[in-house]
Structure formats: structure tokens, C-alpha cells
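# Summary of structural features
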Amino acid sequence: MYRRTFGLSALAAAGSLGLGASATAQEMRFYVMGMLYRGPQWTAEATEEVKKLQEGHMANINKLAGEKKLILAGPMAGTGDLRGIFVFDTDDVDKARGWCEQDPAVKAGRLRVELHKWYAAKGIGVLPPAKR
């Protein structure tokens, strides 16, 4: 029952992505989504250490994106515990966990990551900005 509901929800989401009501399993696949939360070592202070961790965090994001492992990433608005998301181009949660563990902010405990398999349209991504 859960799988069927999940599949129907994913197909409904596919419709909202422009795949239409006729989306099939061949047009869908699993990814890994990471939800980044404040970790046990979170501080709102903008110390030199925090700035360095943020630079390392951004460098890791750019590295993973350059390696085509990370499809998209971004911060969440507001001041809550949820700080951002990752979407990885894999369906292997353990593989994605290994990539997250390389992140300096995660290593330092500033951020913690929850990973979940996510069913969505094949080929999702972010289009580069149009040139004007």
C-alpha cells in the first residue's frame, strides 16, 4: 500500500513537472535527497572558524557538482533548524552519505544531514541562467 501511494504521489509530482498524467516508471527514477539541519556545534556567530567552515562547505558543494554527483543544492530561507537541501545523482544512500561526510561543516558538527531516497523525473536539474 505504501509503495503504491508513494508511486502515485511521484507520478502526480511528475505531472506538475510537465510530464503529464501519462508519466511512466521509465520516466522516473530514484535520487537521494539530503536535508541539512543545524548540527550540535551550530553557532550563529560569524567567527573566523565559521567563515572558514562555510567556505569549505561551498567548496565541497562545487566539487561534488563538478563531479556530477550533486544535481542541486541550496539554502533554506529563515532562521529555523532546516538550513538547506542537496539532491544527489545516485539512488545509493550510503554513497551519498560518504559524499556528505567529506563536507567540512558536517565533519565539524555545524551541520547534520538526513538522507532520503526520492522518486522524481529522470533528468532533473537546474538550467543555467539565460544569456542576455
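The structure displayed is predicted, hence computed values, not measured ones.

Conventions we followed
Residues numbered from 1 in each chain as written. Predicted model: local features only at pLDDT ≥ 70, side-chain atom pairs only at ≥ 80, totals over all residues. Heavy atoms only, no water. Helix = DSSP H or I, 4+ residues; strand = E, 2+ residues; numbered from the N terminus. Buried < 20%, exposed > 50% of the residue type's maximum accessible area, 1.4 Å probe, protein only. Contact = heavy atoms within 4.5 Å. Pairing = 2+ DSSP bridges. Axes fitted to C-alpha atoms, helices over the stretch in contact; angles between N-to-C directions. Lys, Arg positive; Asp, Glu negative; His and termini not counted. Salt bridge = Lys/Arg side-chain N within 4 Å of Asp/Glu carboxyl O. Polar contact = N/O pair within 3.5 Å; in protein donor to acceptor, adjacent residues only side chain to side chain.

## What about the overall build of the chain?
Looking only at helices and strands, the chain features four helices and four strands. Taken from N to C terminus, the helices and strands of the chain fall in the order α-β-α-β-β-α-α-β. Here the chain holds 132 residues, and 30% of them are scored as buried. Put simply, of all contacts in the chain between residues at least 6 apart along the chain, 71% involve residues at least 24 apart.

## Structural notes on unusual backbone geometry
Located in the positive-phi region is lysine 68, a residue other than glycine, with phi close to 65 degrees. Structurally, lysine 68 is set in the loop between α2 (48-66) and β2 (70-75).

## A short note on the sheet that holds strand β3 (residues 82-88)
Here we have four strands laid out as an open sheet, ordered β2-β3-β1-β4, and antiparallel in their pairing. Edge positions in the sheet fall to β2 and β4 (111-121), since each of these pairs with one other strand and no more. The mean inter-strand angle of the sheet, taken between neighbouring strand axes irrespective of direction, is 20 degrees. In the sheet, strand β1 (residues 28-38) pairs with β4 via eleven bridges, with the strands oriented antiparallel. The residue bridging tyrosine 31 from the neighbouring strand is tryptophan 118, located in β4. Here α2 sits on the sheet in contact with β1, β2, β3 and β4, set at roughly 155 degrees to β2. Set on the sheet, helix α3 (residues 93-101) makes contact with β1, β3 and β4; between it and β4 the angle comes to about 140 degrees.

## Here's the deal with the pairing of β1
Within β1, eight of the eleven residues are buried, leaving the element largely enclosed by the surrounding structure. Pairing between β1 and β3: six bridges, direction antiparallel. By the bridge assignment, methionine 33 is partnered in β3 with valine 87.

## Digging into the side chain of arginine 110
If you trace the backbone, arginine 110 turns up in the loop between α4 (104-107) and β4. Look at arginine 110: it is buried, it has no salt bridge, and the nearest opposite charge is aspartate 103 at 8.7 Å. Within polar-contact distance, the side chain of arginine 110 engages the backbone oxygen of threonine 43 at 2.8 Å. Apart from residues lying up to four places away in sequence, arginine 110 is in contact with Tyr37, Arg38, Gly39, Gln41, Trp42, Thr43, Val50, Leu53 and Ala105.

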